[in-house]
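The residues making up each chain are set out below.
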Amino acid sequence: MNHNKDAALDQALNLFWTKGFASTSIKDLERATGMHPGSIYAAFGSKAKLYCLSLERYALQLNDKRAQLMASAASPLQGLADFILRAHPLSNADAPLPVCFLVKATLESGLDDGSIHDKINEMLTRNEALFEDVFEQAIAAGELSQASNPKKLARQLSADLAGLCFYALREDEPTVINEMITDLADRVRQSR
C-alpha cells in the first residue's frame, strides 16, 4: 500500500469504528479519506472490503501494541495486564471510541455481508488464540498452575473484555469503566 492508501485506510478505520458499517456512507468515506468514490472502489474494491481491511488493520495495530508491552513486561501475566491497562481501547484515551472495534462490529446490526461476518469471526478467533498463547507462556513460566486451562482462560478474558466494551457503550462515566478495567487487569495478574 502506498502512503495515501495507508492514510485513507486509517481514516476509514476511525470512521467505521465511530459510526459503524451500516451508518457510514460512501459520502462519509469520501470526506474522511479525501478520495473520490471511484478512487475508493479502485483502491479497496468495495465498502465491505474496506471495512474488512479496517478490521485487519485494527487487529494488527492492537496486536503490535500487545506484543510490545509483553516484550517489556516482567512476566506473561504482567504483560497481559499492562496491555489491558495501557493499550486496549477501553483504557486508551486516543481511541476513536473507548470500545474494541471488533466487539462493536460484532454488536452492530445489519451486517448481512458474509465476508464481514467471516472477517469478524476470524479476527476474534485470532485474538483469543493470542490470549491463549499468553496463558500458555504463564504456565511455562510458573505463573499459573500446570492444571490451568489456557483455552478456558482465554475465552473468559475475551468474554470479560467484550462485556466491558458492551458496558462502556452505555456508561457515561469514564471513571466507572477505568475502575472496572483496573479490576480486570488485577484479576489477570492474580490468575493463579
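Here, the structure is the one placed above.
Please read these numbers as outputs of a predicted model, since none were measured by experiment.

S.K.: Looking at this model, I keep getting lost on the nonpolar core. Mind explaining?
M.R.: Taken as a class, soluble globular proteins show a tendency for nonpolar side chains to be buried jointly. The biggest cluster of nonpolar side chains holds 57 residues, and the ones touching the most others in it are Leu80 and Leu157. Residue assignment for this core shows that the elements contributing at least two residues are helix 1 (3–19), helix 3 (37–44), helix 4 (47–72), helix 5 (76–86), helix 6 (101–107), helix 7 (114–140), helix 8 (150–170) and helix 9 (174–189). The element best represented in this core is helix 4, accounting for 10 residues. Leave out the neighbours within four places in its chain, and Leu157 touches Leu80, Ile84, Phe131, Phe135, Leu184 and Val188.

S.K.: I tried to follow the packing of aromatic side chains on my own but got confused; where do I start?
M.R.: For any two aromatic rings, the description comes down to two numbers: the centre-to-centre distance and the angle of the planes. Under the counting rule described, the total for this entry stands at eight aromatic pairs. Its end group placed over the ring of Phe44, Lys5 keeps NZ or CZ at 5.4 Å from the ring centre. In this structure, Lys47 is placed above the aromatic ring of Phe21, and the distance from its NZ or CZ to the ring centre is 4.5 Å.

S.K.: I'm lost on the pattern of salt bridges in this one. Help?
M.R.: Oppositely charged side chains may form a pair once their charged atoms are brought near each other. Evaluated as defined, the whole model comprises 10 salt bridges. For Arg57, the salt bridge goes to Asp10, with nearest N and O atoms at 2.5 Å. In this pair, Arg57 sits in helix 4 while Asp10 sits in helix 1, placing the two residues 47 residues apart along the sequence. With relative accessibility at 19%, the residue Arg57 sits in the buried group. Residue Arg126 is joined to Glu122 by a salt bridge in which the shortest nitrogen-to-oxygen separation is 2.4 Å. With Arg126 and Glu122 both in helix 7 and four residues apart, the pair spans about one turn of that helix. It is possible to trace a salt-bridge network through shared partners that takes in Glu56, Lys119, Glu122 and Arg126.

Rules and cut-offs
Residues numbered from 1 in each chain as written. Predicted model: local features only at pLDDT ≥ 70, side-chain atom pairs only at ≥ 80, totals over all residues. Heavy atoms only, no water. Core = buried A, V, L, I, M, F, W, Y, C linked by side-chain atoms within 4.5 Å. Buried < 20%, exposed > 50% of the residue type's maximum accessible area, 1.4 Å probe, protein only. Helix = DSSP H or I, 4+ residues; strand = E, 2+ residues; numbered from the N terminus. Contact = heavy atoms within 4.5 Å. Phe/Tyr/Trp six-rings, centres within 6.5 Å; stacked < 30°, edge-to-face > 60°. Lys NZ or Arg CZ within 6 Å of the ring centre and 35° of its normal. Salt bridge = Lys/Arg side-chain N within 4 Å of Asp/Glu carboxyl O.

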